[in-house]
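# Observations on the model geometry
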Amino acid sequence: MADVVLENLEKVYRDRGTEVRAVDRINLSVKDGEFLVLVGPSGCGKSTTLRLIAGLEEISSGTVSIGGRRVNEVPPKDRDIAMVFQNYALYPHLTVRENLAFGLRLRKLPREEIDRRVKEAAAMLGLDALLDRRPKALSGGQRQRVAVGRAVVRQPSVFLFDEPLSNLDARLRAGTRAELIRLHARLGATMVYVTHDQVEAMTMGDRICVMQDGRIVQVDEPIALYERPRHVFVAGFLGSPPMNFFRGTLTEGEGGPVFREAGSMNGIELRPDGEAARKAAAGGGREVLLGIRPEHIRLCGEGEAGASSVDVELSEPMGAETHVHLGTGATKFIVRAGPADRPAAGQKAHVVFDAARMHLFDPASGEAL
Ligand code: ADP
Ligand code: MG
């Protein structure tokens, strides 16, 4: 088993005179046995980071260490890693058994050892009945399991996954997600998992590393990232429907800090709780971006204390809940309401905001206050 340490890691692609800084001096420590998810929008440098760990791209500067050993100059096959790609890359003319055994044959492992590992991986991944089929006779989910099996038989210290579930339909993705979590628990290997899907990141990661424009924005456990985002980018990226944001000013009021929404005559007025709000409001106040998740706003009756009056734009019944789209005049936002709460478009609605769940950000830098 092994940890993975990236120090000031940088990758610059040079393509006919233009430079792309795909990975911009990142520092990251993946612990031995950890399941770490690299997440971020398309093009933020996730795959490049993974390929630098694997040795499939040349490092521009910085170091990659695996199990305490600097591997910058070590070829991929000697790094004790196995990678699973989005497109599976199975050999079409080989059976499942041969696909699983292929890498081990290349390494000249003894016949009995290959058979033993193939059998074990097939049992672990539910492939026993499929061993004599070729990839074209398999479903997408089965092919995906063969691709994972090919990594498992290698018994690497580190597994690298690059969006391995992207080609599966939604239902299968959820099931396979759970399978991979069980596989990790069973093998105890270090896993670095790349995805653009925040649900995969939240449900699979021991920790999540959020990337943007080649940089790391925040690394933490899923719930910590969700509850205490240090940057507006993280706040808006994790969660569906996403966090709502309101622009305005925060000043000291009689009963504590007061947020007044900008951009509309009848903007909402909120009273955020907590130390950050008190500090920001002190000394004349300041402009802020106030964030609050859809589950921390509640529909209420007109007379309720602290209620804001807003316009209903749309109610989306999801079955277990309703996503109610509302507007203040300046800002559109979403409330996660009960299944029976379906205010009609064009009506007025009344909402209360949970004062303890408001996040404040600097509108210029995006940093949490
Ligand atoms: P992600 O996996 O997060 O979608 P990538 O790591 O694939 O992002 O790409 C990061 C950036 O590097 C993108 O701007 C992409 O266009 C660029 N890039 C990736 N591979 C190459 C390459 N071989 N040559 C030039 N630019 C590349
Ligand atoms: Mg990618």
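In the block above lies the structure referred to throughout.
Presented here is a report on the structure given in the accompanying data block.

Cut-offs and rules
Residues numbered from 1 in each chain as written. Chains lettered and ligands numbered in written order. Predicted model: local features only at pLDDT ≥ 70, side-chain atom pairs only at ≥ 80, totals over all residues. Heavy atoms only, no water. Phe/Tyr/Trp six-rings, centres within 6.5 Å; stacked < 30°, edge-to-face > 60°. Helix = DSSP H or I, 4+ residues; strand = E, 2+ residues; numbered from the N terminus. Buried < 20%, exposed > 50% of the residue type's maximum accessible area, 1.4 Å probe, protein only. Contact = heavy atoms within 4.5 Å. Pairing = 2+ DSSP bridges. Axes fitted to C-alpha atoms, helices over the stretch in contact; angles between N-to-C directions.

## So, the packing of aromatic side chains
For the structure on display, the rule yields 9 aromatic pairs. Where Phe233 meets Phe237, the ring centres are 5.8 Å apart and the plane angle is 20°; that geometry is what we call stacked. Separated by 4 residues within a single helix, Phe233 and Phe237 lie in helix α8 (residues 232–237), roughly one turn from each other. For Phe237, a relative accessible area of 17% translates into the label buried.

## Thoughts on the environment of Ile334
Among the structural elements, Ile334 can be located in strand β18 (residues 332–337). For Ile334, a relative accessible area of 16% translates into the label buried. A C-alpha to C-alpha distance of 43 Å links Ile334 and Met124, two positions 210 residues apart in sequence. The contact partners of Ile334, leaving out residues within four places of it in the chain, are Pro241, Asn244, Pro294, Ile297, His323, Val324 and His325.

## Notes on the sheet that holds strand β5 (residues 69–70)
The strand order β2-β1-β4-β5 describes an open sheet built from 4 strands, whose pairing is antiparallel. Two strands lie at the open edges of the sheet, namely β2 (18–30) and β5, each paired on one side alone. Two elements, strand β1 (residues 4–15) and strand β4 (residues 61–66), share 5 bridges in a ladder whose sense is antiparallel. Across the sheet, the residue bridging to Val5 is Ser65, located in β4. Sitting on the sheet, helix α1 (residues 46–54) is in contact with β1, β2 and β4, with an inclination near 115° to β1.

## Digging into unusual backbone geometry
Going from Ser240 to Pro241, the amide bond is cis rather than trans, its omega being -5°. Residue placement: Pro241 occurs in the loop between α8 and β11 (244–253). At Gln155, a residue that is not glycine, the phi angle is positive and equals roughly 50°. Structurally, Gln155 is set in the loop between α4 (140–152) and β7 (158–162). Gln155 sits in the partly exposed class, given a relative accessible area of 40%. The backbone phi angle of Asp213 is positive, close to 50°, even though this residue is not glycine. Locating Asp213 in the fold gives a position in the loop between β9 (207–212) and β10 (215–220).

These figures come from the coordinates and say nothing about function on their own.
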